[in-house]
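Results of the structural survey
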Amino acid sequence: MSDRDFALDYLMAAAQIALHLSRLAEEFIIWASQPFGFASLPDALSTGSSIMPQKKNPDAAELVRGHAGRVIGSLTSLMITMKGLPLAYSKDMQDDKPPVFEAASLLTLCLAAMEGMVAGTTFRTERMRAAAELGYATATDLADWLVRQANIPFREAHHITGAAVKLAESRGVALDALPLADLQAIDARIDERVFAALSVDASVASRASYGGTAPEQVRQRVAEARLALGLE
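I will try to describe carefully the structure that is included in this document.

Of the volumes computed, that of the largest pocket is approximately 420 Å³. Contributing to the lining of the largest pocket are 18 residues, with Ala 32, Ser 33, Gln 34, Lys 55 and Lys 56 lying nearest its centre. Partitioned by chemical class, the residues of the lining of the largest pocket number 6 nonpolar, 7 polar and 5 charged.

Below, the structure is given as structure tokens:
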């Protein structure tokens, strides 16, 4: 009689779900933006601009992101209602229903929108790969290789890698496009085995621990999730 913990428990779960949906929606918004162009959102969940006919607005994703604030607000509202009440029934508790009903309604809409967005989005993997190859992301892999394969202390490997990146930048090429002779001019302990560690594919595949980015790990986690959700 003196609490509304059942309602608060629901709202806490709803707020956490809404938070994750909001972050996922933000990914879609960024990926679909012109500077990135990683994804094309489904027309059914997008709208055109009122003035720019070529524009495709990620409306559903933006609304999901916005609704998260209202769901979190529903939790906050009921918590504030309850915080000053004595340990008995008070009429204030009648206000438990509006935040629960609003959160449930919004969350249902958000889940449906994101389900459709995940299913209907087309991903431009060639642009993703091109972006992944920018910024010398495999420099850490070079430093790690120097430590593991050439037995070089990481502090020294860090400086060697920096020199390699500087050379690659001056030539406008990726690290794995540098000739072996140029890498050996920086440090003679580098050999041809290094190229197996410098590609984006090799970098991703090397993270093979539980939950890592290696394809086999990702496929395993997806399979486990599908099993847990009863999709297998």
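Now for the nonpolar core. Within the largest apolar cluster, 29 residues are counted, with the highest numbers of intra-cluster contacts made by Leu 11, Leu 21, Val 64, Val 71, Leu 78, Met 114 and Met 117. Going through the elements one at a time, helix H1 (5-32), helix H2 (59-83) and helix H3 (97-120) are the ones with two or more residues in this core. At 10 residues, H1 tops the list of elements feeding residues into this core. Among the nonpolar cores identified, the runner-up in size contains 21 residues, and Leu 142, Trp 145, Leu 183 and Ala 197 belong to it.

Looking now at helix H10 (residues 215-228). Residue pairs spaced three or four apart in an α-helix point in one direction, given the helix's 3.6 residues per turn. Taking 1.5 Å of rise per residue, the 14 residues of H10 would be expected to cover 20 Å, and the 20 Å separating its terminal C-alpha atoms lies within 8% of that figure. Within two residues after H10, Gly 230 carries a phi angle of roughly 75 degrees, on the positive side.

A separate point is the side chain of Asp 191. Relative to the elements of secondary structure, Asp 191 occurs in the loop between helix H7 (180-186) and helix H8 (195-198). For Asp 191, a relative accessible area of 17% translates into the label buried. There is a polar contact of 2.9 Å between the side chain of Asp 191 and the backbone nitrogen of Arg 193. Setting aside residues up to four positions removed in sequence, Asp 191 forms contacts with Trp 145, Leu 180 and Gln 184.

Here we take up the packing of H2 against H3. Relative orientation of the contacting elements H2 and H3 amounts to 155 degrees, with a least axis distance of 9 Å. Considered as vectors, H2 and H3 are oriented roughly antiparallel to each other. The chirality of how H2 crosses H3 is left-handed. Where H2 approaches H3, its residues Ala 60, Ala 61, Val 64, His 67, Arg 70, Val 71, Ser 74 and Leu 78 are matched on the opposing element by Pro 99, Glu 102, Ala 103, Leu 106, Cys 110, Ala 113, Met 114 and Met 117. Here the contact of H2 with H3 is composed, by residue class, of 12 nonpolar, 2 polar and 2 charged.

Rules and cut-offs
- Residues numbered from 1 in each chain as written.
- Predicted model: local features only at pLDDT ≥ 70, side-chain atom pairs only at ≥ 80, totals over all residues.
- Heavy atoms only, no water.
- 1 Å grid on protein atoms, 1.4 Å probe; cavity = no way out; pocket = protein on both sides within 12 Å on 5 of 7 lines; lining within 4 Å.
- Points joined across faces, edges and corners; volume = space filled by probe spheres on them.
- Nonpolar A, V, L, I, M, F, W, Y, C, P; charged D, E, K, R; others polar.
- Core = buried A, V, L, I, M, F, W, Y, C linked by side-chain atoms within 4.5 Å.
- Buried < 20%, exposed > 50% of the residue type's maximum accessible area, 1.4 Å probe, protein only.
- Helix = DSSP H or I, 4+ residues; strand = E, 2+ residues; numbered from the N terminus.
- Expected span 1.5 Å × (residues − 1).
- Polar contact = N/O pair within 3.5 Å; in protein donor to acceptor, adjacent residues only side chain to side chain.
- Contact = heavy atoms within 4.5 Å.
- Axes fitted to C-alpha atoms, helices over the stretch in contact; angles between N-to-C directions.
- Parallel < 35°, antiparallel > 145°, perpendicular 65-115°, else oblique.
- Left-handed = near helix turned anticlockwise from the far one by under 90°.

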